[in-house]
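# Observations on the model geometry
Given next are the chains, with one letter for each unit.
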Amino acid sequence: MRLATLERTTQNRNEYGENIIAYLPIGSIKIFISFLNQSEQNTNQVLLDEWEYIGLTQSNDIRKGDRIDGKYEVRYILPSKPYNRIFMKEIN
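The notes below deal with the structure included here.

For the rest of this paragraph, the subject is the nonpolar core. In terms of nonpolar packing, the biggest core is built from 12 residues, these being Ala4, Leu6, Ile29, Ile31, Ile33, Tyr53, Ile62, Ile68, Tyr72, Val74, Ile86 and Met88. Counting only elements with at least two residues in this core, the list comes to strand E1 (2–13), strand E2 (19–43), strand E5 (72–78) and strand E6 (84–90). In terms of residue count, the dominant contributor to this core is E2 (three residues).

Below is the structure:
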């Protein structure tokens with residue numbers, strides 16, 4: 001387990017009225033992160049790698065779409081005892 005920064009989205013408008021999505025740190029959580037799976041996809045002769053991770057934490061403040069340490073995006077949360085399982089995708 002280690003401390004990681006939890007970031008949540010916020011929307012602002014720029015001077016042109018466009019929505020800008022930004023991530024702001026909302027705190028720290030204790031989490032264990034481990035590699036889960038890798039998949040490859042070939043689209044139009046471009047090879048795309050997608051890495052998936054799982055995290056174990058007792059924090060209940062995590063939501064889908066949050067970022068952890070600016071590296072991982074939360075995709076799915078499976079509440080369980082004693083640790084919640086957090087499924088994440090690596091951000092490229």
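Continuing now.
This part is about the side chain of Asp66. Among the secondary structure elements, Asp66 is positioned in the loop between strand E3 (46–57) and strand E4 (67–68). With relative accessibility at 2%, the residue Asp66 sits in the buried group. There is a polar contact of 2.8 Å between the side chain of Asp66 and the side chain of Arg8.

Applying the stated criterion across every chain, the model contains two salt bridges. One salt bridge connects Arg2 with Asp69, and the closest N-O pair in it is separated by 2.7 Å. Taken as a pair, Arg2 in strand E1 and Asp69 in the loop between E4 and E5 lie far apart in primary sequence, 67 residues in all. Residue class for Arg2 comes out partly exposed when judged on its relative accessible area of 38%. Of the charged contacts in the structure, one is a salt bridge between Arg8 and Asp66, with a shortest N-O distance of 2.8 Å. Of the two residues, Arg8 sits in strand E1 while Asp66 sits in the loop between E3 and E4, which places them 58 residues apart along the sequence. The exposure classification of Arg8 matches that of Asp66, with both residues buried.

Okay, the packing of aromatic side chains next. With the rule as written, the count across this model stands at three aromatic pairs. An angle of 75° between the planes, with centres 5.9 Å apart, marks the rings of Phe35 and Tyr53 as edge-to-face. Taken together, the residues Phe35 in strand E2 and Tyr53 in strand E3 connect sequence positions 18 residues apart. The exposure class assigned to Phe35 is partly exposed, which follows from its relative accessible area of 44%.

Rules behind the numbers
Residues numbered from 1 in each chain as written. Predicted model: local features only at pLDDT ≥ 70, side-chain atom pairs only at ≥ 80, totals over all residues. Heavy atoms only, no water. Core = buried A, V, L, I, M, F, W, Y, C linked by side-chain atoms within 4.5 Å. Buried < 20%, exposed > 50% of the residue type's maximum accessible area, 1.4 Å probe, protein only. Helix = DSSP H or I, 4+ residues; strand = E, 2+ residues; numbered from the N terminus. Polar contact = N/O pair within 3.5 Å; in protein donor to acceptor, adjacent residues only side chain to side chain. Salt bridge = Lys/Arg side-chain N within 4 Å of Asp/Glu carboxyl O. Phe/Tyr/Trp six-rings, centres within 6.5 Å; stacked < 30°, edge-to-face > 60°.

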